[in-house]
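# A closer look at the structure
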Amino acid sequence: MSIEQATERWVRTGGVELCVAELGDPARPTVLLVHGYPDSKEVWAEVASRLAAHFHVVLYDVRGHGRSTAPRPLRGGFTLEKLTDDFLAVADAVSPDKPVHLVGHDWGSVQAWEFVTVERTEGRIASFTSMSGPSLDHFGHWIKKRMARPTPRRAAQLLGQGAKSWYVYLLHTPVLPELAWRGPLGRQWPKILQRVEKVPAGDYPTASLPQDAARGAWLYRDNVRARLRRPRADAYAHAPVQLITPTGDAFLSERLYDDLEQWAPQLVRRSLPAKHWVPRTRPDQLAAWIGEFVTATEDTAAGVAPRDTAASGPYADRFGGQLVLVTGAASGIGRATAYAFAEAGARIVAVDRDAEGAARTAEMARLIGAPDAWAETVDVSDEQAMEKLAEKVAAEYGVVDVLVNNAGVGISGSFLDTTPEDWKKVLDVNLWGVIHGCRLFGKQMADRGQGGHIVNTASAAAYQPSKALPAYSTSKAAVLMLSECLRAELAGRGIGVSAICPGLVNTNITSTARFAGVSADEEKRRQRKSSRLYGLRNYPPEKVADAVLKAVVRNQAVVPVTPEARGARLLSRLAPRALRAIARMEPPL
């Protein structure tokens, strides 16, 4: 259901008329979306259409914005007290008998913090999801605390946020903001959002933007200085709060929320690798998190027991609800990676040609925190099978947020002993499997336009030559270079690409690795010996999985894992001749 299909009503309050739009079934829980500055309710269109399948969704134009009328005079017409009157009037009109689930972005969130912390709204708000807009009271106390007990770190925080708030000072100047918005800034704003924030082109912003922005300057003038000077001491949230923090927000520092638990005892934190205008750039993720939070709050209110398992990993605030696909997930690094994402609350697609192993991984992922997990049986070297998998995943589970191309096979033996069949097998899985995954799932990410991340498992062998591993090293070196090229290409689309380069890790790849140029009995002997050597090294795959999650969070390009991998990476840069000398040594097999 799109916002064009919404039903409209007008709510009169405090001398203004508010344009209110409704989608979805009114019998279901009501989710009320409040827009920020200089937006109108249309900023929520993509999020609202996704939520409407499960909830009664309400949007309204804040006074003086969109199709709502403006107060007269403008000065004094945008105080938080009057905005609270507006909220109560809308809530009473659309959900008179039940509390609403409040969601605010930017100034919509600033307002909503007022709504959820004043006494007269108690019982009218079931939950609150905040993004990119702090409470002015909390902000005031944050400033006072850092000025009362200054330290170099606190001074840096104050200066940093002061720099990010440059626009607030300008909006307090008389006349100039109005002239700018009604003139060149208003005309250029859509292009600025597209270029700087990567907001998709379309029917947003609406034609009323210049007028909305000019009037909306009074949101700042009527409230900011007064509240920052005299913040309320009782600004405690009386409903559960979900905080979604865009990590690339150009206007707000993450440090603003350091003390938030003091003001919001029932707090859930989420972080999102995105810029400020997340309702337009990341609607899928927002809708998923809002829906999950609303459902959990409703279940708690109804006395429904919570899930026995919940996301508890160190990155639960980052990956909760995201869709992660891992190839080679039946064992080793792939299985450990699937489990690590599951502990962080991600939904998992475990892919492997071993159907039984993939099913076990998916089952365990659900037990340790994944809201959902599915097993898919695919040979990653099979192009048509991968195309069918990509179509099925998009249709049944959604567009993948994180892709981990991990499936791989090992092969050892000299170049002269390695047959064309051996080369084809290792390149089909180790290289073409990665190419298929990047091409198919990476294109889905790019077409969606909401960012994502691709992780390709390379190896320390990618930059550490060896006379015993020509085919394997070549395949992994190609994966490393592919990752670097793809990272450059997709950076402008908000998609990160990381190459993970493990060294000696205790997985079963050694027991299944091929040894070219030897008899079957000798191959089995070498497999057993290499398994013992890797076992003695005893570097667990769980540490590689941790490195994968960190690489996504930090958007790292190349990540050597294990001391020998880091050492070889350093030698490849500083002393390549030494690395070439090591490559001539006989392997201990």
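Everything numeric here is computed off the predicted structure, so don't read it as measured data.

Once that is clear, we can look at the overall build of the protein. Helices and strands together make up the secondary structure of the protein, namely 23 helices and 17 strands. Compactness check: the protein gives a C-alpha radius of gyration of 27 Å against a globular reference of 25 Å for 589 residues, within 12% of the reference. Once the C-alpha set of the protein is aligned to its principal axes, its extents read approximately 90 × 50 × 45 Å. Burial status across the protein gives 55% buried among its 589 residues.

Take the pattern of salt bridges next. Across all of its chains, the model carries 30 salt bridges by this definition. Notably, a salt bridge pairs R255 with D258, separated by 3.0 Å at the nearest N-O pair. A salt bridge links E261 to R269; the shortest N-O distance between them is 2.9 Å. We classify E261 as partly exposed; its relative accessible area is 42%. Taking relative accessible area as the criterion, R269 reaches 30% and is therefore assigned partly exposed. Here the residues in one salt-bridge network are E81, E114, D137, R227, R232 and D234, joined through shared partners.

We now examine the packing of aromatic side chains. Within this structure, the stated rule accounts for 17 aromatic pairs. Geometrically, the ring pair formed by Y236 and W263 is tilted, given 5.0 Å between the ring centres and 35° between the ring planes. Of this pair, Y236 sits in the loop between α9 (209–229) and β7 (241–246) while W263 sits in helix α10 (residues 260–263); the two residues are 27 residues apart in sequence, bridging distant segments of the chain. Judged by relative accessible area, which is 40%, Y236 ranks as partly exposed.

For the rest of this paragraph, the subject is the sheet that holds strand β11 (residues 373–377). Where strands meet in a sheet, backbone hydrogen bonds hold them as pairs that are either parallel or antiparallel. As summarised here, the arrangement of the 7 strands in space is β11-β10-β9-β12-β14-β15-β17, forming an open sheet in which the pairing is parallel. Edge positions in the sheet fall to β11 and β17 (558–561), since each of these pairs with one other strand and no more. For this sheet the average axis-to-axis angle between neighbouring strands, irrespective of direction, equals 15°. In the sheet, strand β14 (residues 452–457) pairs with strand β15 (residues 495–502) via 6 bridges, with the strands oriented parallel. Its bridge partner lying in β15, V455 is registered against S498. With respect to the sheet, helix α14 (residues 332–343) is in contact with β9 (323–327), β10 (347–352), β12 (402–405) and β15, its orientation differing from that of β9 by roughly 170°.

A separate point is the domain arrangement of the protein. For interface size, the figure often reported is the accessible area lost on association. Once the domains are mapped, the protein shows domain 1 (7–302) and domain 2 (316–509 + 540–583). On a C-alpha basis, the centroid separation for the pair domain 1 and domain 2 is 39 Å. Between domain 1 and domain 2, a total of about 970 Å² is buried, with carbon and sulfur atoms accounting for 33% of that surface. For the interface between domain 1 and domain 2, the tally reads 1 salt bridge. Salt-bridge contacts for D284 lead to R448; the nearest nitrogen and oxygen are separated by 3.9 Å. Our count for the domain 1 to domain 2 interface comes out at 6 residue pairs in polar contact (both at pLDDT 80 or more). Every element with two or more residues in the side of domain 1 that touches domain 2 is listed here: β8 (267–272) and α12 (283–301). The residue makeup of the side of domain 1 that touches domain 2, split by class, is 4 nonpolar, 3 polar and 7 charged.

So, how was this worked out
Residues numbered from 1 in each chain as written. Predicted model: local features only at pLDDT ≥ 70, side-chain atom pairs only at ≥ 80, totals over all residues. Heavy atoms only, no water. Helix = DSSP H or I, 4+ residues; strand = E, 2+ residues; numbered from the N terminus. Rg over C-alpha atoms; globule rule 2.2 N^0.38 Å. Buried < 20%, exposed > 50% of the residue type's maximum accessible area, 1.4 Å probe, protein only. Salt bridge = Lys/Arg side-chain N within 4 Å of Asp/Glu carboxyl O. Phe/Tyr/Trp six-rings, centres within 6.5 Å; stacked < 30°, edge-to-face > 60°. Pairing = 2+ DSSP bridges. Axes fitted to C-alpha atoms, helices over the stretch in contact; angles between N-to-C directions. Contact = heavy atoms within 4.5 Å. Domains from an automatic or database assignment. Buried area = accessible area lost by both parts, 1.4 Å probe. Polar contact = N/O pair within 3.5 Å; in protein donor to acceptor, adjacent residues only side chain to side chain. Nonpolar A, V, L, I, M, F, W, Y, C, P; charged D, E, K, R; others polar.

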